[in-house]
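Breakdown of the fold
Single-letter residue listing:
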Amino acid sequence: MTPPILDPAFWTPLRVEKALVLAIPYGSGALGLLCCAIGLGRAGRFHSRAMLLAGLVAFFWLYLYTVCWKLVAPIPDPVEESIWMQVWQLRRGLTIYPNPEAAPAIGYMYPPVFHATLAGLFTLFGPHWWVGRLLSIGCSLAIGWLIYRIIRTDTGSTAPALIGALFFFTFYQLTDEWLDLMRVDTLALWLSLLALWQLRRCLTRPAAVWWGVLCTVLACYTKQSSLYVVLTGGAWLLMTQRRAGVVYLLSVGLLGGGLFALLNRLTDGWFAVYTLLDPWRHQANWAYLGDIARLLMRSAGLWMLAAAYLWQTAKRRGYQQEPQRLLWPLAFVGGCALSLTNSLMAGSGVHNMMAAVAFLCVLIGLALHEWRDIRWLPVALCLQLIPLVYIPVLPNRVDHQLRQRLMQEAANAPGEYLARCLTCAQLNGKTVHDNLGAVDELITTRLWDGRRLIHEVEQARFDPLIVTETYGSRAIQAAVERHYVLTETVSNAGSGVSRELRIYRPRRAVRDGR
């Protein structure tokens with residue numbers, strides 16, 4: 001009897017696809033580790049560092065392979081779809097911070113730099129998912145390069161700089177696989193690192209403070225939590241170059257405050273509601289402590305190494321001679337504090353810890369150079385790679401089928417519709433109505449009561465009403481239950497990205513047989 005694996009009929013396109021998904025990244029990574037392990041026949045610092053670098057290169061290749069696969073076949077998440085909606089509005093000359101009682105659509109609370117950048121790229125390359133994803137992937141690669149430059153400049157050593165930069169990509173899965181998504185996080189983190197890098201250059205080039213001001217304001221207007229750059233960078237400059245510190249803080253305050261006043265005036269005060277009051281009124285979600293603990297436990301060795309480096313740095317004296325030693329430890333502490341706060345309040349999990357992770361990788365490289373005589377340290381970091389290994393979660397055929405079904409429903413719908421998934425609306429030229437997740441944000445924080453949307457639901461304006469997540473306030477859900485009938489449910493249970501599509505029709509339409 002022929003074994004199934006030798007039967008040509010066994011190798012369907014889907015099985016070949018899965019085999020390649022596993023064989024290419026893991027095979028090449030294992031080959032690199034094996035070659036390095038063979039070279040460890042002679043014990044020595046060089047060989048242990050070579051093995052560590054080989055392991056990190058394998059992780060980096062796995063990251064690239066995963067994001068490139070997801071780039072060509074993306075399954076958008078809800079916030080990506082909201083950003084797409086806002087960029088679509090921006091390209092049509094509409095505000096993305098509207099009065100929810102008068103506007104047809106509500107977006108999330110992020111500032112506009114990412115949206116404006118994406119709108120410009122869409123103008124050049126067209127409105128494609130891969131354009132937005134490629135922007136985030138490019139920013140993540142730029143973050144790795146900047147981490148390398150920071151460590152290389154401060155230490156003069158290449159190997160610790162490479163190790164610190166490559167460690168950043170080992171956190172890809174632990175930070176919820178957010179480095180490639182069409183979201184604001186990677187652009188904000190890159191601008192934050194670039195701002196601090198420019199402030200670091202003020203020691204030799206005083207004019208660099210102006211580049212630091214520009215990058216800081218852009219970072220804060222990409223994501224609000226980038227405020228830690230102002231706190232840590234300003235504090236460091238005041239301790240080392242008081243005049244430059246005063247100039248930096250005053251310039252950031254004037255430029256950032258002026259932009260805020262302008263945008264708030266242009267939106268009749270709603271810019272402040274979306275970007276300031278909404279995030280400020282969020283309550284801490286302590287359930288996310290479990291996710292944060294998972295990240296810390298699986299990378300405990302790295303955080304312990306950073307803590308030891310911080311302790312040694314705190315015991316030193318003579319910072320006036322080496323002021324650059326203070327900046328990155330301060331940035332790490334500030335990034336950890338604000339990342340932790342943001343993770344608990346934003347209700348989005350451990351991806352908000354990416355800022356802390358980036359500065360953690362900087363400290364790893366600095367510590368490796370500082371403690372280069374400790375021969376067992378690279379070996380210990382090699383062992384730390386074991387709990388970080390992950391299997392890539394890639395788009396699959398079931399997810400594509402569900403998305404195609406959603407697109408078809410949107411295209412064939414006789415009237416307007418309300419959906420958690422918004423992309424299909426723009427692509428089919430229909431009127432876009434509220435993103436239910438963003439509606440929840442405003443209702444939960446008591447910045448809007450949802451009266452207009454509830455009235456539209458009660459008037460059965462949406463036909464059909466398509467929902468892909470269980471979002472919506474209790475008042476909205478009650479209105480849906482009174483005036484709509486659930487006619488169909490499409491599920492992709494068991495696939496890589498779990499989703500459920502619920503299709504509602506107005507009760508009177510069902511009753512009349514329409």
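Residues numbered from 1 in each chain as written. Predicted model: local features only at pLDDT ≥ 70, side-chain atom pairs only at ≥ 80, totals over all residues. Heavy atoms only, no water.

**Remarks on the overall build of the protein**
Broken down by element type, the protein carries 22 helices and three strands. A total of 514 residues make up the protein; the buried ones form 54% of that total. Contacts spanning at least 24 positions in sequence make up 73% of the contacts within the protein whose residues lie at least 6 apart. Carbon and sulfur atoms make up 63% of the accessible area of the protein, which totals about 23200 Å². (Helix = DSSP H or I, 4+ residues; strand = E, 2+ residues; numbered from the N terminus. Buried < 20%, exposed > 50% of the residue type's maximum accessible area, 1.4 Å probe, protein only. Contact = heavy atoms within 4.5 Å. Areas by Shrake-Rupley, 256 points an atom, 1.4 Å probe, with all protein chains shown as cover.)

**Structural notes on the pattern of salt bridges**
It is possible for side chains of opposite charge to pair when their charged atoms get near one another. Applying the stated criterion across every chain yields a total of nine salt bridges. One salt bridge in this structure joins Glu177 and Lys70, with 3.3 Å as the shortest N-O distance. Placement of Glu177 in the loop between helix H6 (158-170) and helix H7 (185-200) and of Lys70 in helix H2 (residues 45-72) is noted, with a sequence separation of 107 residues between them. Taking relative accessible area as the criterion, Glu177 reaches 11% and is therefore assigned buried. (Salt bridge = Lys/Arg side-chain N within 4 Å of Asp/Glu carboxyl O.)

**Structural notes on the packing of aromatic side chains**
The geometry of an aromatic ring pair is captured by the separation of the ring centres together with the interplanar angle, meaning the angle of the planes. What the rule picks out here adds up to 19 aromatic pairs. Look at Trp145 and Tyr148: their rings are 5.4 Å apart centre to centre, the planes differ by 25°, and that puts the pair in the stacked class. Within this pair, Trp145 and its partner Tyr148 are both found in helix H5 (residues 129-155), separated by three residues, close to a single helical turn. (Phe/Tyr/Trp six-rings, centres within 6.5 Å; stacked < 30°, edge-to-face > 60°.)

**Concerning the environment of Arg92**
Summarising the element assignment, Arg92 is placed in the loop between helix H3 (78-91) and helix H4 (113-125). The sequence separation of Arg92 and Ala119 amounts to 27 residues, and the corresponding C-alpha distance is 10.0 Å.

**What to know about helix H9 (residues 228-240)**
Under the 1.5 Å per step criterion, the end-to-end length of H9 is 18 Å for 13 residues, consistent within 8% with the ideal 18 Å. Along H9, the residues that are buried comprise Tyr228, Val229, Val230, Thr232, Gly233, Gly234, Trp236 and Leu237. In this structure, the buried residues of H9 make contact with H7, helix H8 (208-220), helix H10 (242-266), helix H14 (324-345) and helix H15 (354-370). (Expected span 1.5 Å × (residues − 1).)

**A few points about the side chain of Ser136**
For Ser136, the location among the structural elements is in helix H5. Filtering out sequence-adjacent residues up to four positions away, Ser136 remains in contact with Phe114, Leu179, Asp180, Leu181, Met182, Arg183 and Thr186.

**Things to note about unusual backbone geometry**
For Asp268, which is not glycine, the phi torsion reads 55° and is therefore positive. With respect to the secondary-structure elements, Asp268 resides in the loop between H10 and helix H11 (270-280). You can call Asp268 exposed: its relative accessible area is 69%.

**Structural notes on a nonpolar patch on the surface**
A grouping of Leu124, Phe125, Trp130 and Leu134 is seen on the molecular surface, where their side chains present a nonpolar patch of about 430 Å² in accessible area. By secondary structure assignment, the location of Leu124 is in helix H4. Judged by its relative accessible area of 64%, Leu124 falls in the exposed class. (Patch = residues over 30% accessible without salt bridge, like charges linked within 9 Å, V, L, I, M, F, W, Y side chains within 5 Å.)

**Some remarks on the confidence of the model for the protein**
Looking at the protein as a whole, the pLDDT averages 79, with 75% of positions reaching at least 70. Of all secondary-structure elements in the protein, the lowest mean pLDDT belongs to helix H18 (residues 423-427), at 53, while H7 reaches the highest, 94. Contacts for the low-pLDDT stretch residues 39-45, under 50 throughout, to residues beyond four places or in other chains number eight contacts. (pLDDT = per-residue confidence, 0-100.)

**Considerations on the environment of Trp129**
Turning to its location among the elements, Trp129 is positioned in helix H5. Overall, the relative accessible area of 12% leaves Trp129 in the buried class. For the pair Trp129 and Val72, spaced 57 residues apart in the sequence, the C-alpha separation amounts to 8.6 Å.

**Here we look at the side chain of Ser140**
Here Ser140 lies in helix H5. Its relative accessible area of 0% is what places Ser140 among the buried residues. Within polar-contact distance, the side chain of Ser140 engages the backbone oxygen of Ile137 at 2.6 Å. Residue contacts for Ser140: discarding those within four places in its chain leaves Tyr63, Phe168, Phe169, Leu179 and Thr186. (Polar contact = N/O pair within 3.5 Å; in protein donor to acceptor, adjacent residues only side chain to side chain.)

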